[in-house]
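# Commentary on secondary and tertiary structure
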Amino acid sequence: MRRRILGLVAAVVTVATAAGCGSSSPGSGGSSASGGSKTTKVTVGIIPIVDVAPLYLGQKKGFFAERGIDLKMELAQGGAAIVPGVVSGQFQFGFSNVTSLMIAETKGVPIKSVVNGVATNGKVGADVTGVAVKKDSPIKSAKDLAGKTVAVNTLQNIGDTTVRESVRKAGGDPSKVKFLEMPFDQMPAALDGGQVDAAWMGEPALTIAKGQGARVVASPFAETDPKLTAATYFAATKLTKENPDLVNKFTEAMTESLKYASEHPDEARQILTTYTKIDGEVLKKLTLPSWPAAVDMASLQKLAALGEEDGIFGDKKPDLDALFS
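Here helix α13 (residues 297-310) is 14 residues long and its end C-alpha atoms lie 20 Å apart, about the 20 Å a rise of 1.5 Å per residue gives. Those residues of α13 that are buried lie in contact with α4 (98-106), α5 (158-169), α8 (220-224), β11 (229-236) and α14 (320-324). G311 sits one or two residues past α13 and shows a positive phi near 80°.

Here it is as structure tokens:
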């Protein structure tokens, strides 16, 4: 699986090189004029989870439109799948967990983070992600995950890296944890059906699983760092150089959206119904993350060090300053 992921990143480099040879500028978005006002069509690759609520909320409140951005969202399974879409110009911007961005950077993929996306709320036992087990499971803490199978949405990424850290901090052997890749929305059923011993889930999957009786035994994000920056929005380096005005406008609109979502959690919660299949009871109970406007570099440094320990970057360390500053 690791070879498949690294092969995907290598393919991205090829796509980027080919795109750079074209006569057009990929990722610049289409433009249209209406009533004398120019708008730019912008597609953002995202994962359909609670983390991206500010993006949808900002679209609804007009933060993007008032800056001339005609916003469209396209869904993907994870950051590893969104990265090649951004580099090829399929998406002008993408939402990805920071580990996927670090992996891409070490492989020479030309991308740059442009604005924060989401962070842990710092609450162990009540974070936006958690490792859940069945109600009658013998697993009582993260330490007990050693030797067990844990579902994550993407292998060799932020999920298994932070789960291992939770196991390590609880006194268990992180090298003994077995990981199985599957989409978040399939995890509650897989856990309930005994296909896996535990599942690392984001919202709303985590609340759905708890509604089926599941127990949370670890909060990997919060346990790794109480201020962990988990994901950001990013663009191809080519776009940041050739259309900095569009990048600045997107960054401004997204920053306003993050602030608004933080100040209006009820509206952020309600916007979830527009892009996820959530019933009323789950909507009321699900846990919201933190949406700070700025990334926390100290937490990124810690996450990068853990990734190096897991060997997911190969023989090159990610250049965090180049990627996130």
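On to the confidence of the model for the chain, then. Per-residue pLDDT for the chain averages 88, and the proportion of residues at 70 or more is 87%. Note on residues 31-36: pLDDT under 50 across the span, and 6 contacts to partners over four residues away in sequence or across chains.

Right, let's get into the sheet that holds strand β6 (residues 129-133). Across the sheet, which stays open at both edges, the 5 strands sit in the order β8-β7-β9-β6-β10 with mixed pairing between neighbours. The sheet terminates laterally at β8 (178-181) and β10 (215-218), the two strands that pair on one side only. Ignoring strand direction, the axes of neighbouring strands in this sheet form an average angle of 35°.

Evaluation of the coordinates by the stated rule reveals 14 salt bridges. Between E252 and R67 there is a salt bridge, with the nearest N and O atoms lying 3.4 Å from each other. Separated by 185 residues along the polypeptide, E252 in helix α10 (residues 244-263) and R67 in the loop between α2 (53-61) and β3 (69-75) bring together distant segments of the chain. Note that D173 is salt-bridged to K176, the shortest N-O span being 3.7 Å.

Right, let's talk about the packing of α2 against α10 for a bit. The interhelical angle for the contact between α2 and α10, taken along N-to-C directions, is 105°, at an axis separation of 8 Å. Considering the angle they form, α2 stands roughly perpendicular to α10. Judged by residue contacts, P54, L55, L57, G58 and K61 of α2 engage F250, M254, S257, L258, Y260 and A261 from α10. Its residues placed into classes, the contact of α2 with α10 shows 8 nonpolar, 2 polar and 1 charged.

Relative orientation of the contacting elements α5 and α13 amounts to 90°, with a least axis distance of 10 Å. Classified by the interaxial angle, the pair formed by α5 and α13 is roughly perpendicular. Contacts between α5 and α13 involve I158, T161, T162, R164, E165 and R168 from the first element and L303, L306, G307, E309 and D310 from the second. The class makeup of the residues in the contact of α5 with α13 is 3 nonpolar, 3 polar and 5 charged.

Attention now moves to the pairing of β11. In terms of residue burial, β11 counts as a mostly covered element, since 8 of its 8 residues are buried. Across 4 bridges, the pairing between strand β4 (residues 93-97) and β11 is antiparallel. Its bridge partner lying in β11, N97 is registered against A231. The pairing of strand β5 (residues 111-119) with β11 spans 7 bridges and is antiparallel. Following the sheet pairing, K112 is matched in β11 by A235.

As a further point, take the nonpolar core. Counting residues in each nonpolar core, the largest one holds 101 residues, and the members touching the most others are L55, F93, M102, L145 and F250. It is α10 that contributes the most residues to this core, 8 residues altogether. For L55, the contacting residues outside a window of four places in its chain are V44, I46, F64, L71, M73, Y233, F250 and M254.

Scoring rules and cut-offs
- Position numbers for residues start from 1 in each chain and track the written sequence from start to end.
- Under the rules for a predicted model, residues below a pLDDT of 70 receive no local features and side-chain atom pairs below 80 are neither given nor counted, while totals for whole chains, interfaces and linings still include all residues.
- Excluding hydrogens and water, the side-chain values take into account all heavy atoms of the structure.
- To qualify as a helix, a DSSP run of H or I must reach at least 4 residues; to qualify as a strand, a run of E must reach at least 2; elements of each kind are numbered from the N terminus.
- By definition here, a helix of n residues has an expected span of 1.5 Å times n minus one.
- What makes two residues a contact is simply this: any of their non-hydrogen atoms within 4.5 Å.
- Note: pLDDT gives the predictor's confidence per residue, expressed from 0 to 100.
- We call two strands paired when DSSP finds no fewer than two bridges between them.
- A fitted line through C-alpha atoms serves as each axis, taken over the contacting stretch for helices, and the angle formed by two N-to-C directions is quoted from 0 to 180°.
- Definition used for salt bridges: Asp or Glu carboxyl oxygen within 4 Å of a side-chain nitrogen of Lys or Arg.
- Each angle gets one of four labels, with under 35 degrees taken as roughly parallel, over 145 as roughly antiparallel, 65 to 115 as roughly perpendicular, and the rest as oblique.
- Nonpolar residues are Ala, Val, Leu, Ile, Met, Phe, Trp, Tyr, Cys and Pro. Charged residues are Asp, Glu, Lys and Arg, and all others, Gly as well, are polar.
- Burial classes: relative accessible area under 20% of the type maximum marks a residue as buried, over 50% as exposed, and values in between as partly exposed (1.4 Å probe, protein chains only).
- Throughout this description, the term nonpolar core refers to a set of buried Ala, Val, Leu, Ile, Met, Phe, Trp, Tyr and Cys residues connected via side-chain atoms within 4.5 Å.

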